[in-house]
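So you can see what is in the structure, the chains are spelled out below.
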Amino acid sequence: MTEHRLLLCTDMDRTVIPNGPQPEHPEARKRFAAFCRRPDVTLAYVTGRHRALVRDAIREYALPEPDFAITDVGTVIYRVTDGTWEAWDAWAEEISRAWNGKTHADIVALLGDLPHLTLQEPDKQNTHKVSFYLSASAHPEDLMARMQERLAREGVEAGLIWSVDESEDVGLLDVLPRDATKRHAVEFLQRELRYSPDEVVFAGDSGNDLPVMESVLPSVLVANASDEVKERARVLAQRSDDPEAFYIARGGVLNMNGNYCAGVLEGVWHFVPAFRDVLEESEDAQ
């Protein structure tokens, strides 16, 4: 990188939000916030949360307000200007093509009678995200295969995202347009804002962050990520076009432990030498 310019894209839960079991370095969030206030840093949160939950987290954890927010598992991109959040219509238009003209209501009607599926609450839905609860007795792989068969017959190209809400002990299943992923949303942001790949750093901690880490965009897995995710990420990175674009925070850099925000800053330090002096100055100021 020849200029001090960075598009910093980061997951929220267990990445910049310290809501995992591992300890947070006591100065990490303050240093992260100070770094993101720099005029040469553009901050984008990339999260499965919807807008209200993102804003709740910003207040609760004293996080910096972003310049952009990729929310709802990649289905919405917001521009954030002076506290105003405006959905980016160009992104909605880009991903909508995969649904072949079908609306949210059409997708619900197409899939809603399948067993084990219960539609989630209205505030967990949006135009390009149909979210179901999945009963404990379901076999997710078999059910998703049936869903894809029905969708394919209607010319709908969809991504199905299955996960488990451990706090509630309930299965979650999202139906999204095929390209409505964290990776495609980050790549869209990078292109539209005219950043080169080496002017971007992505940070995450979980399985749904791995597609970005398999790309050529510089990506860091924070140290508090699980051993399973770290191993999967290593394998995917070795198969990618640029294995050197992936890094696992390990702590010890900038005198922090590599967990959460400390890992994000360690990733910046690793990939963007132009910012090392700035990061080390913030260390000396503590």
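Residues numbered from 1 in each chain as written. Predicted model: local features only at pLDDT ≥ 70, side-chain atom pairs only at ≥ 80, totals over all residues. Heavy atoms only, no water.

The next subject is the overall build of the chain. Check the secondary structure of the chain and you find ten helices and twelve strands. Over its C-alpha trace the chain gives a radius of gyration of 19 Å, about what one expects of a compact globule, namely 19 Å for 286 residues. Considered along the principal axes of its C-alpha atoms, the chain spans approximately 60 × 40 × 35 Å. In the chain, which comprises 286 residues, the share counted as buried stands at 51%. In the chain, 62% of the contacts between residues at least 6 apart in sequence involve partners at least 24 apart. Counting only carbon and sulfur atoms, one obtains 46% of the accessible surface of the chain, whose full area is about 13,400 Å². Taking the 30 positively charged and 50 negatively charged side chains of the chain as two groups, their mean positions are separated by 1 Å. (Helix = DSSP H or I, 4+ residues; strand = E, 2+ residues; numbered from the N terminus. Rg over C-alpha atoms; globule rule 2.2 N^0.38 Å. Buried < 20%, exposed > 50% of the residue type's maximum accessible area, 1.4 Å probe, protein only. Contact = heavy atoms within 4.5 Å. Areas by Shrake-Rupley, 256 points an atom, 1.4 Å probe, with all protein chains shown as cover. Lys, Arg positive; Asp, Glu negative; His and termini not counted. Charge placed at Lys NZ, Arg CZ, Asp CG, Glu CD.)

What follows is about the sheet that holds strand β6 (residues 117–119). Taken in spatial order, the four strands line up as β6-β7-β9-β8 in an open sheet, and their pairing is antiparallel. The open sheet has two edge strands with one neighbour each: β6 and β8 (158–165). In this sheet, adjacent strand axes meet at a mean angle of 30° when their direction is disregarded. Along the sheet, helix α4 (residues 104–111) makes contact with β6, β7 (130–134) and β9 (170–177), crossing β7 at roughly 30°. (Pairing = 2+ DSSP bridges. Axes fitted to C-alpha atoms, helices over the stretch in contact; angles between N-to-C directions.)

Turning our attention to the pairing of strand β3 (residues 68–71). Neither face of β3 is left uncovered, since the one carrying Phe-68 and Ile-70 and the one carrying Ala-69 and Thr-71 both have all their residues buried. With three bridges connecting them, strand β2 (residues 41–46) and β3 associate as parallel partners. Counterpart to Val-46 in the pairing with β3 is Ile-70. Handedness of the β-α-β unit built from β2, helix α2 (residues 51–60) and β3 comes out right-handed. Where β3 lies against strand β4 (residues 76–81), four bridges are found, and the strand directions are antiparallel. Its bridge partner being in β4, Phe-68 is matched across the sheet by Arg-79. Linking two consecutive strands that pair antiparallel, namely β3 and β4, is a turn of four residues; a positive phi of about 55° is found at Asp-72 within it. (Right-handed = clockwise from strand over helix to strand, strands pointing away.)

All right, on to the environment of Thr-75 then. Among the structural elements, Thr-75 can be located in the loop between β3 and β4. Thr-75 sits in the buried class, given a relative accessible area of 3%. Thr-75 sits 104 residues away from Asp-179 along the chain, and the two C-alpha atoms are 8.8 Å apart.

A word on the environment of Ile-161. Of note, Ile-161 is situated in strand β8. For Ile-161, a relative accessible area of 32% corresponds to the partly exposed category. The sequence separation of Ile-161 and Asp-174 amounts to 13 residues, and the corresponding C-alpha distance is 5.0 Å. In contact with Ile-161, other than residues within four places in its own chain, are Leu-172, Leu-173, Asp-174 and Leu-176.

This part is about the pattern of salt bridges. Applying the stated criterion to the full structure yields 15 salt bridges. The closest approach of N and O atoms between Asp-56 and Arg-59, which form a salt bridge, is 2.6 Å. Here Asp-56 and its partner Arg-59 are both found in helix α2, three residues apart, which amounts to about one turn of the helix. Here Arg-234 ties to Glu-231 by a salt bridge, and the two come within 3.3 Å at their closest N and O atoms. Taken together, the residues Arg-234 and Glu-231, both in helix α8 (residues 227–239) and three residues apart, mark about one turn of the helix. (Salt bridge = Lys/Arg side-chain N within 4 Å of Asp/Glu carboxyl O.)

The phi angle at Asp-82 is positive, at roughly 50°, despite the residue not being glycine. Assignment of secondary structure puts Asp-82 in the loop between β4 and β5 (84–87). On the basis of relative accessible area, Asp-82 is assigned to the exposed category, the value being 79%.

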